[in-house]
Amino acid sequence: MSERRALRVAVPGLTVAVAVAALAAGVTAFPVGAAPVDESCTVAVRSIGSVQGSDAASPVVGQQVTVAGTVVGDLQDGGFDGVFVQDGGDGTPATSDAVFVYGAGGDLALGDEVVVRGTVAEFDGLTELTDPEVAGCGTAELPAPASLPMPSGDAEREALEGMLVAPSSPLTVTGLVALDRFGELLLSSGGRLLAPTEAAEPGPAAAAVAAENETRSILLDDARTANLTTTRAAPPHLTLDDPVRVGDAVDLEPVVLGWGHGAWRLQPADGTAAGTTFPAVNARPAEPPAVGGDLVVGDFNVLNYFVDFPSEFGDLARGAEDADELARQEAKIVRSITALDADVLTLHEIENSAVLTPATPYRAVETLLAALEDADGHDWRYVRAHEDTDVITNAIVYRADRVVPVGDPAVPADLSAFANARSPIAQTFSAGGDLFTVIANHLKSKGSACGAGSDDPAAGGNGNCNGDRVAQAQALVAFAAERASAAGDPDLLLTGDFNAYRHEDPIDVVTAAGWTELVAPDQHSYVFDGGSGSLDHIFASPSLAAKVTGHAVWDVNASESSAYQYDGDQRLYSRGPYRASDHNPTLVGIDIDAAATISDATPFRGDRVTVTGTGFLAGEQVTASLPSRNQGLLGSGTADAHGRVAIAVTVPATLPAGGQQVELRGTSGESASTGFEVRPLVAELLERLIGWFTPDGP
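Quick notes on the rules
- Residues numbered from 1 in each chain as written.
- Predicted model: local features only at pLDDT ≥ 70, side-chain atom pairs only at ≥ 80, totals over all residues.
- Heavy atoms only, no water.
- Helix = DSSP H or I, 4+ residues; strand = E, 2+ residues; numbered from the N terminus.
- Rg over C-alpha atoms; globule rule 2.2 N^0.38 Å.
- Buried < 20%, exposed > 50% of the residue type's maximum accessible area, 1.4 Å probe, protein only.
- Areas by Shrake-Rupley, 256 points an atom, 1.4 Å probe, with all protein chains shown as cover.
- Lys, Arg positive; Asp, Glu negative; His and termini not counted.
- Charge placed at Lys NZ, Arg CZ, Asp CG, Glu CD.
- Axes fitted to C-alpha atoms, helices over the stretch in contact; angles between N-to-C directions.
- Parallel < 35°, antiparallel > 145°, perpendicular 65-115°, else oblique.
- Left-handed = near helix turned anticlockwise from the far one by under 90°.
- Contact = heavy atoms within 4.5 Å.
- Nonpolar A, V, L, I, M, F, W, Y, C, P; charged D, E, K, R; others polar.
- Pairing = 2+ DSSP bridges.
- Arc of directions from axis to C-beta.
- Salt bridge = Lys/Arg side-chain N within 4 Å of Asp/Glu carboxyl O.
- Disulfide = S-S within 2.5 Å.
- Expected span 1.5 Å × (residues − 1).
- Patch = residues over 30% accessible without salt bridge, like charges linked within 9 Å, V, L, I, M, F, W, Y side chains within 5 Å.
- Polar contact = N/O pair within 3.5 Å; in protein donor to acceptor, adjacent residues only side chain to side chain.

A. Representation of the overall build of the protein. The secondary structure content of the protein amounts to 16 helices and 36 strands. For 698 residues, the compact-globule formula gives about 26 Å, and the C-alpha radius of gyration of the protein, at 35 Å, lies well above that figure. Going through the 698 residues of the protein one by one, you find that 54% of them count as buried. Taken as a whole, the protein presents about 27,600 Å² of accessible surface, with 54% of it coming from carbon and sulfur. Taking the average place of the 40 positive charges on the side chains of the protein and the average place of its 95 negative ones, the gap between the two points comes to 7 Å.

B. Inspection of the packing of helix α13 (residues 466–487) against helix α14 (residues 505–512) at higher detail. Close contact between α13 and α14 brings their axes to 8 Å; oriented N to C, the two are set at 20°. Considering the angle they form, α13 stands roughly parallel to α14. Along this stretch, α13 crosses α14, giving a crossing that reads as right-handed. For the pair formed by α13 and α14, the contact residues are Asn466, Arg469, Val470, Ala473, Gln474 and Val477 on the first element and Asp505, Pro506, Val509 and Val510 on the second. Looking at the contact of α13 with α14 residue by residue, the class counts come to six nonpolar, two polar and two charged.

C. Here's a closer look at the sheet that holds strand β25 (residues 526–528). With respect to topology, three strands assemble into an open sheet ordered β12-β26-β25, the strand pairing being mixed. The two strands at the open ends of the sheet, each matched to only one other strand, are β12 (193–194) and β25. Strand direction decides the pairing type here: β25 and strand β26 (residues 531–533), joined by three bridges, are antiparallel. Considered in β26, the bridge of Val527 is made with Ser532.

D. Region of interest: α14. Residues of α14 that are buried include every one of Pro506, Ile507, Val509 and Val510, and no others. Seen end-on, α14 carries its buried residues on one side only, within an arc spanning 155°. The elements touched by buried residues of α14 are α13, β23 (492–497), β24 (516–517) and β27 (536–540). Immediately downstream of α14, the backbone of Gly514 shows phi near 100°, a positive value.

E. Fine view of the pattern of salt bridges. Per the stated rule, a full pass over the model turns up 23 salt bridges. Here Arg399 ties to Asp401 by a salt bridge, and the two come within 2.7 Å at their closest N and O atoms. The partly exposed category is assigned to Asp401, whose relative accessible area is 25%. For Arg665, the salt bridge is made with Glu663, and the minimal N-O distance between the two is 3.5 Å. The exposure class assigned to Arg665 is partly exposed, which follows from its relative accessible area of 37%. Linked through salt bridges whose partners overlap, the residues forming this network are Arg245, Arg284, Asp555 and Glu560.

F. Geometry of the pairing of strand β3 (residues 64–75). Among the 12 residues in β3, 11 count as buried, and that is most of the element. Sheet analysis places β3 next to strand β4 (residues 82–86), joined by five bridges and oriented antiparallel. Across the sheet, the residue bridging to Thr70 is Gln86, located in β4. Hairpin geometry of β3 and β4 is characterised by an intervening segment of six residues between the two adjacent antiparallel strands and by a positive phi of about 90° at Gly78.

G. Just the state of the cysteines, in detail. Within the structure shown, the criterion is met by two disulfides. Through a disulfide, Cys41 is tied to Cys137; the S-S separation comes to 1.9 Å. Negative torsions about the S-S bond denote left-handed disulfides, and the value of about -85° found for Cys41 with Cys137 makes this one left-handed. Of this pair, Cys41 sits in the loop between β1 (28–29) and β2 (44–45) while Cys137 is found in strand β7 (residues 126–139), placing the two residues 96 residues apart along the sequence. The residues Cys41 and Cys137 share a single accessibility class, namely buried. The side chain of Cys450 participates in a disulfide bridge whose partner is Cys465; the two sulfur atoms lie 1.9 Å from each other. Disulfide Cys450-Cys465: torsion about the S-S bond near 90°, hence right-handed. Of this pair, Cys450 sits in the loop between β22 (434–442) and α13 while Cys465 sits in the loop between β22 and α13, and the two are 15 residues apart along the sequence. According to the relative accessible area criterion, Cys450 is partly exposed, its value standing at 30%.

H. Layout of helix α7 (residues 204–216). With 13 residues, α7 ought to run about 18 Å at 1.5 Å a step, and its terminal C-alpha atoms sit 18 Å apart, in line with that. Those residues of α7 that sit buried are Ala206, Val209, Ala210, Asn213 and Arg216. Buried residues of α7 fall within an arc of 125° about the axis and therefore sit on the same side. Exposed and oriented more than 90 degrees from the buried face of α7 are Pro204 and Glu214. Packing partners of the buried residues in α7 comprise β11 (185–189), β12, α6 (196–199) and β13 (217–220).

I. Structural view of the sheet that holds strand β32 (residues 621–626). Pairing is antiparallel across the open sheet formed by four strands, whose spatial order is β33-β32-β35-β36. Each edge of the open sheet is held by one strand with a lone partner, namely β33 (632–638) and β36 (671–678). Neighbouring strand axes in the sheet, compared pairwise and without regard to direction, differ in orientation by 20° on average.

J. Looking closely at a nonpolar patch on the surface. A cluster of nonpolar side chains, namely Leu689, Trp692 and Phe693, defines an oily patch on the protein surface of about 400 Å² accessible area. Along the chain, the position of Leu689 falls in helix α16 (residues 681–692). The class of Leu689 is partly exposed, set by a relative accessible area of 41%.

K. Seen up close, the side chain of Thr174. Secondary-structure assignment places Thr174 in strand β10 (residues 171–175). According to the relative accessible area criterion, Thr174 is buried, its value standing at 0%. At 2.8 Å, the side chain of Thr174 forms a polar contact with the backbone nitrogen of Leu193. Not counting chain neighbours up to four residues away, the residues in contact with Thr174 comprise Leu186, Leu187, Ser188, Arg192, Leu193, Val246, Val527 and Gly530.

L. Layout of unusual backbone geometry. With an omega of 5°, the peptide bond running from Met150 to Pro151 counts as cis. Its location among the elements puts Pro151 in the loop between β8 (146–148) and α4 (154–158). Even without glycine at this site, Asp124 takes up a positive phi of about 55°. Relative to the helices and strands, Asp124 is located in the loop between β6 (112–123) and β7. For Arg579, which is not a glycine, the phi torsion comes out positive at approximately 60°.

Given below as structure tokens:
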């Protein structure tokens, strides 16, 4: 044994007489190493299991006890100021064979064999020995880790408190909310957790999911007690280009099972977080998923994008603290929107400048679009409508070269249902002559209570303010019907943050009214409290649902740590799209119906007629041909910014009598057809002769 270990504190008063008395009391003798330091290592000790007991609290709290074992968890640094000591077991599965020794000194190491005398205490639910006296008695190999059942309940975990453990099944990262503050993340067995009402109907079914989530989840801590936002220490496990994401796998270093702050925790046995790795099962997606279609509509919550600051507006300004933070936030949002490549985009949580700076009511959206135009070179416009009282608003923006607004924007005439939410905004557009209407929404959040008549806070419930969201959903459905009537076209999309998971009551209101929820399997827009789900939804009217070519969630935000946000850890900041918001953006592809008409349905051979097409992509080449003539080319043209093309063609002189189809086909593959009727040659000649001798003839 080294001199350093020989100088450890010996346990005074542990004599043979003490050992005899201890044995008479039913405790066991410590198995001594080959080279004990002194007689302190030969004293009688009691099993750690008898100190722990089979309940949550020790049966001998307040008593002084002597135990012996191996150091299996070294948490002397980082604020815990102690070690976990584990003995060979007492043969009772219901009792843990390890205990935390608080204040054990700073020179112990993993594998040290020790005798400890201390006073039994419960600290925040963790059994520990305080005011310890420690004798070093050699070294040993660490015991094999005990199997930690996953899933498991409190009783199963209590029986392993403080011990070296290995989870019985693979674990997945399911929550990152505290990683950049306390260095901890939430793990789960059986894959990532779902929010209870994302997985099941509110009530008993969702409550069962909530209970199951508890047994499937456990925290992984970093053996540090400090708040990283205070100490400015870097969060563990994260680098600029190699994040840990929700859905990633976990390869654990040796860990001990601890308890603290109301939760079971895996603590690194060596006191550092460096040994655990996270294979990138859910790697960062480089590009948004393809959704197809002639037109793409997107939805994006932009995380309180404010161009005004708290220094002037106090708590009314909810976003960036200053111009530097705004520049960082804006860069990430612009990169995201540019990559989405949507033609129409609904935005949420953008500053309502009409409240903060009434003289410039659209300053925030104008600022964002100016930055966007600088980045992608497109002509972006916005719908001139906003929330009436809240400091955040919905917004609808669009590319002027892809769609044309038809009529004025609208909000509900009766806004009483939305007094604690954001007013819906509706706008009808034309794309290639095809009309559709988009309504942007942001219903009341669950974050604050609305009262007993509205709240449903029970486990497995709809959450706070459910009654208010139901009323808002009902008002929204009625408003949508009004807008369809006003547009004279049934194609509508409802987009936005409904603040309700998939099985909750407000979603049922919308789907019961005949709307189709566009669902991307196994894709989620939000992660809260370790549960993945979608608060953001897109619903299509029946007629528009038939035109949808794809729907996808771009998982660049919800699965990421907030350390990557514009206001997170600046060592991890980049201008890329990752963690531009806490919500994932969503995309929908839509097939616009192409159509064709002809200026004269009964032309003479050799006449010049105009074939007009709508619903093509802006700028694409469109050809006109006759299928009856082996696709004989009649002419070509370029679709304008609204998807319209007009092609002047000559009716071939050698066509036989009868109906003739004219096909328009764009380079994108979009096609439409029209036709004309050719008279028999004798009839055509007769009509020409008659026409020549009449005032209105040819």
